Amino acid sequence: MTKNDTLKIALVGNPNTGKTSLFNSLTGLRQQVGNYPGITVEKKQGSLHLENHQKVTVIDLPGTYSLNPSSIDESVTTEFLLNNEDKNFPQVAVVVAEAENLKRNLLLFTQIKDLGIPTILVINMADRMQLKGISINKENLEKQLDTTIILTSTRNNTGISELKNAIQNFEKLSEKPVFSSDISTYKNWLTSTYKIGLIDIEDKQKQIEVKKEQHQETIKRYQFINSVLKGNFEKDKTKAIDFDSRLDKILTHKFFGFVIFIVLLMLMFQAIFAWSGPFMDFIDESFASLSETIASILPEGKINELISQGIIPGIGGIVIFVPQIAMLFLFIAVLEESGYMSRVVFLMDKIMRKFGLNGKSIVPLISGNACAIPAVMATRNIEDWKERLITILVTPFSVCSARLPVYTILISLIVPEQKIFGFINSQALALLGMYVFGIVLALISSIILTKIIKATSKSYFVIEMPSYKMPLLRNVFYTVFEKTKSFVIDAGKIILAVSVVLWFLASHGGENFDNAEKIVSNQLENQKLNEAELNAKIASFQIENSYIGTMGKAIEPVIQPLGYDWKIGIAIITSFAAREVFVGTLATIYSVENAEDEGTIKSRMQTATFSNGEKVFTTATGISLLFFYAIAMQCGATVAIVKRETNSWKWALLQLFGLGIMAYLAALIAYQVLH
């Protein structure tokens, strides 16, 4: 291999071994996140810089306990390492283990080594070895496992340079198997058996035999691992300091555990509203000022209007929520990085079972607070088909980050900003209420679906409790940065396209649109209006008679009983591409209608009125919209993912139209009762 060739490194390991931390230490911000071809499992890869200037691509594979996978996610790693025809097939595998669970981690290491892939064993979290009373004879282990072992601590940034040096000298690594007698024999056996446990085949007897064979092979590997570790790995429990069990007594307590969890959620919502407020105001005012400046600098004409009234307000309608989105991802990253999120899953297990869900269902429901798409994908860890399907169908009730812009703008319009008990923000409390509402809807729906969908088997809930640790700021930063960037770019592309289309439809029309000035002037010739008032009337007449106004007026009879005008109706339709487009759509429409108004999107929504002079965004309308967006699917990407995960349009369309009808009825009742 020359320096111009790219060296491929596969990062493999069990969950909770610090693999992501190591990936961040090696690649920094030189990361790319995508999906594996044809599947929705997340794919991460990044670039690594070596002293000899060798080009290196680090591929972070999904966490797995062995190459005999028990879930679809785990099968990705097995398929990748078996396919040496893949253009990204690795020349080196870096298996990440951690000292506390070295025996279990070595099962995966021996399997990968037996595929003939040059392998480096990284024992991570080495800084915790003394705390846990662990000692390792590194030299003897290297000889018996025929590999290079690196002790690392991403927290203290130790061992990273040694790992880079080992990668740089990868040609010295052994390709010999460590347990199996022959590489090709083991690879052929693995290829013929690893899928048997994942798919439902007619030959049940064959499936039982293969699983038994895999089990026996695993036992023999552990016998080999035990012999290797004997005398080379010691764990003196008398020297170990067990903080975890002490904390677990409090954080997983059947009463105090829930109290602590609720307090943490309240703190998160307080931060989303109170702490991010000044940043949001600054962004909102900046975009309003930018739009005004561009309008004054560029020559008058369609290009000026497109940029100042279409693109800038549309993008500003989503960028304003970046502080809140970043705050949300910050809290989720800290909870996951600290090990607390697994305790929440454990805490909620008994409750979830009462509603017909597997304890593992809480993982998608919690991760759905970031985005429904990876949350639906996360159901792949649920073995039982019925419980997995129900989880998929109710996961969209979780308050994803795309709903956050809609909720926050509506709550800020209808809920006065007050302090409850002197320190709790009333708007934060309202947001918490929407999260609780989503959870209640999910649980009620689960009970109903459990009665409708018949079960064929029963599954069991198993979860690993990772050790508690202080969140590593570097990891938290990378997570927040990548997730926020992904949100802005993905939403930004959609909103940019939608904004251009909306601007065109709002800036062009038929005969009445073209003759708006003449028609309005004739209608109001007996009224004494100044120039500004007359221009406002003309702009309002134009927007109503534009192409988008005509479309909006056509659907207005359907949405009027919900308290919505045609502008809200257009925003609802466009937001099917992504919920957050709702705000961007209104920002564009109001910007075109009030081109001379320097107000922000929030101020324009506050002053919006119907033709009879009544305010549009009243408490009744706001709550109606909150109910609608809490229930309605309103996400084309999620519909596509549900179809792929269930392998059927039936469930995806039932979910889409079922939730749509429920959302309409809930919004209708809310408005009619409160109006």
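Since the structure is predicted, the reported quantities are computational estimates derived from the model, not experimental observations.

Asker: How should the overall build of the protein be read in this particular structure?
Answerer: Tallying secondary structure elements over the protein gives 29 helices and 11 strands in all. Scored against the burial criterion, the 675 residues of the protein give a buried share of 53%. Restricting to contacts in the protein with at least 6 residues of sequence separation, those with at least 24 account for 74%. Carbon and sulfur atoms make up 59% of the accessible area of the protein, which amounts to about 31600 Å² in all.

Asker: Help me understand the pattern of salt bridges in this model?
Answerer: Pairing between side chains of opposite charge can happen when their charged atoms approach one another. Counting across every chain of the model gives 9 salt bridges. Notably, a salt bridge pairs K132 with E100, separated by 3.9 Å at the nearest N-O pair. Of this pair, K132 sits in the loop between β6 (119-124) and β7 (134-136) while E100 sits in the loop between β5 (92-98) and α3 (102-113), placing them 32 residues apart in sequence. Taken individually, K132 and E100 each receive the classification buried, so the pair is uniform in this respect. Its salt-bridge partner being D146, residue K113 comes within 4.0 Å of it at the nearest N-O pair. A residue pair is termed long-range when its members are at least 10 positions apart, and K113 in helix α3 and D146 in the loop between α4 (138-145) and β8 (148-151) qualify at 33 residues. A single salt-bridge network, built from bridges that share partners, covers E100, R128 and K132.

Asker: Where do I start with the nonpolar core in this structure?
Answerer: Generally speaking, soluble globular proteins have nonpolar side chains that are buried together. Counting 79 residues, the largest nonpolar core has Y407, Y564, F582, F617 and L625 as its most contacted members. Ignoring anything within four residues of it in the chain, the contact list for Y407 reads V399, L431, M434, L626, Y629 and A630.

Asker: I'm lost on helix α23 (residues 547-559) in this one. Help?
Answerer: In an α-helix there are 3.6 residues to a turn, and that puts residues three or four apart on one side. Counted at 1.5 Å a residue, the expected span for α23 with its 13 residues is 18 Å, and the 18 Å between its end C-alpha atoms agrees. Of all the bends found along α23, the most pronounced is centred on K553 and spans about 30°, while P557, a proline, follows it within four residues. Buried within α23 are the following residues: I548, G549, G552, E556 and I559.

Asker: In this structure, what is going on with the packing of helix α17 (residues 403-414) against helix α18 (residues 426-452)? I would like to understand it.
Answerer: Packed helices, taken two at a time, are described by the angle their axes make and the gap between the axes. Across the interface, α17 lies against α18 with an axial gap of 10 Å and an inter-helix angle of 135°. Between α17 and α18, the interaxial angle falls into the category oblique. Helix-helix and strand crossings are classified by hand; for α17 and α18 the assignment is right-handed. Seen from α17, the contacting residues are L404, Y407, I411 and S412; seen from α18, they are Q427, A430, L431, M434 and Y435.

Asker: Sorry if this is basic, but what is going on with a nonpolar patch on the surface here?
Answerer: The grouping of V436, V440, I444, I448 and I452 at the surface amounts to a nonpolar patch, some 430 Å² of accessible area in total. Structurally, I448 is set in helix α18. Given the relative accessible area of 45%, I448 is considered partly exposed.

Asker: How do you make sense of the packing of aromatic side chains when you look at a structure like this?
Answerer: Aromatic ring pairs: the centre-centre distance and the angle between the two ring planes describe each pair. Per the stated rule, a full pass over the model turns up 8 aromatic pairs. Centroid distance F477 to Y478: 5.8 Å. Interplanar angle 55°. Geometry classified as tilted. Exposure remark for Y478: the relative accessible area of 12% places this residue in the buried category. With a centroid separation of 5.5 Å and 75° between ring planes, the pair formed by F628 and Y629 is classed as edge-to-face. For F628, a relative accessible area of 9% corresponds to the buried category. Taken together, the aromatic side chains of F477, Y478 and F481 make up a single cluster linked through ring pairs.

Asker: I tried to follow the environment of V440 on my own but got confused; where do I start?
Answerer: Within the fold, V440 resides in helix α18. Accessibility expressed as a relative area gives 38% for V440, which makes it partly exposed.

Asker: How should unusual backbone geometry be read in this particular structure?
Answerer: One can expect most non-glycine residues to show negative phi and most peptide bonds to be in trans. For M125, which is not a glycine, the phi torsion comes out positive at approximately 60°. On the basis of relative accessibility, which here comes to 14%, the residue M125 falls in the buried class. For N157, which is not glycine, the phi torsion reads 60° and is therefore positive. With respect to the helices and strands, N157 occurs in the loop between β8 and α5 (160-168).

Asker: I would appreciate a short explanation of the side chain of N475 in the present structure.
Answerer: Locating N475 in the fold gives a position in helix α19 (residues 473-507). Among the polar contacts listed, one links the side chain of N475 to the side chain of E337, at a separation of 3.0 Å. With sequence-adjacent residues up to four places away left out, N475 is seen in contact with S21, N24 and E337.

Asker: Looking at this structure, how should I read helix α29 (residues 649-674)?
Answerer: Here α29 contains 26 residues, and its C-alpha end-to-end distance of 37 Å stays within 8% of the 38 Å for a straight helix at 1.5 Å per residue. Buried-residue contacts for α29 involve α16 (385-394), α27 (619-631) and α28 (636-646). The N-capping residue of α29, defined by a side-chain oxygen 3.0 Å from the backbone nitrogen of K650, is S648.

Asker: Looking at this structure, how should I read the packing of α27 against α29?
Answerer: The interhelical angle for the contact between α27 and α29, taken along N-to-C directions, is 165°, at an axis separation of 8 Å. Regarding the angle of α27 to α29, the classification is roughly antiparallel. For α27 against α29, the interelement crossing comes out right-handed. Seen from α27, the contacting residues are A620, T621, I623, S624, F627, F628 and I631; seen from α29, they are L659, M662, A663, Y664, A666, A667, A670, Y671 and L674. Class assignment for the residues of the contact of α27 with α29 results in 14 nonpolar, 2 polar and no charged.

Asker: Honestly, the environment of S540 in this entry has me stumped. Any pointers?
Answerer: By secondary structure assignment, the location of S540 is in helix α22 (residues 531-544). Along the backbone, S540 and V520 are 20 residues apart, and their C-alpha atoms lie at a distance of 9.9 Å.

Asker: Would you explain the environment of E614 in this entry?
Answerer: Examined against the element boundaries, E614 turns out to sit in the loop between α26 (601-607) and α27. Judged by its relative accessible area of 43%, E614 is partly exposed. Once residues within four sequence positions are removed from consideration, E614 is found in contact with A608 and T609.

Asker: Help me understand the confidence of the model for the protein, please; the structure alone is not making it clear to me.
Answerer: Low pLDDT means the predicted atomic positions in that stretch should not be read closely. Summary statistics for the protein give a mean pLDDT of 81 and a share of 85% for residues scoring 70 or more. For the stretch residues 34-40, pLDDT sits under 50, and the model shows 23 contacts to residues farther than four places along the chain or on other chains.

Parameters and conventions
Residues numbered from 1 in each chain as written. Predicted model: local features only at pLDDT ≥ 70, side-chain atom pairs only at ≥ 80, totals over all residues. Heavy atoms only, no water. Helix = DSSP H or I, 4+ residues; strand = E, 2+ residues; numbered from the N terminus. Buried < 20%, exposed > 50% of the residue type's maximum accessible area, 1.4 Å probe, protein only. Contact = heavy atoms within 4.5 Å. Areas by Shrake-Rupley, 256 points an atom, 1.4 Å probe, with all protein chains shown as cover. Salt bridge = Lys/Arg side-chain N within 4 Å of Asp/Glu carboxyl O. Core = buried A, V, L, I, M, F, W, Y, C linked by side-chain atoms within 4.5 Å. Expected span 1.5 Å × (residues − 1). Bend = angle between axes of the 7 residues up to and from the residue. Axes fitted to C-alpha atoms, helices over the stretch in contact; angles between N-to-C directions. Parallel < 35°, antiparallel > 145°, perpendicular 65-115°, else oblique. Left-handed = near helix turned anticlockwise from the far one by under 90°. Patch = residues over 30% accessible without salt bridge, like charges linked within 9 Å, V, L, I, M, F, W, Y side chains within 5 Å. Phe/Tyr/Trp six-rings, centres within 6.5 Å; stacked < 30°, edge-to-face > 60°. Polar contact = N/O pair within 3.5 Å; in protein donor to acceptor, adjacent residues only side chain to side chain. Nonpolar A, V, L, I, M, F, W, Y, C, P; charged D, E, K, R; others polar. pLDDT = per-residue confidence, 0-100.

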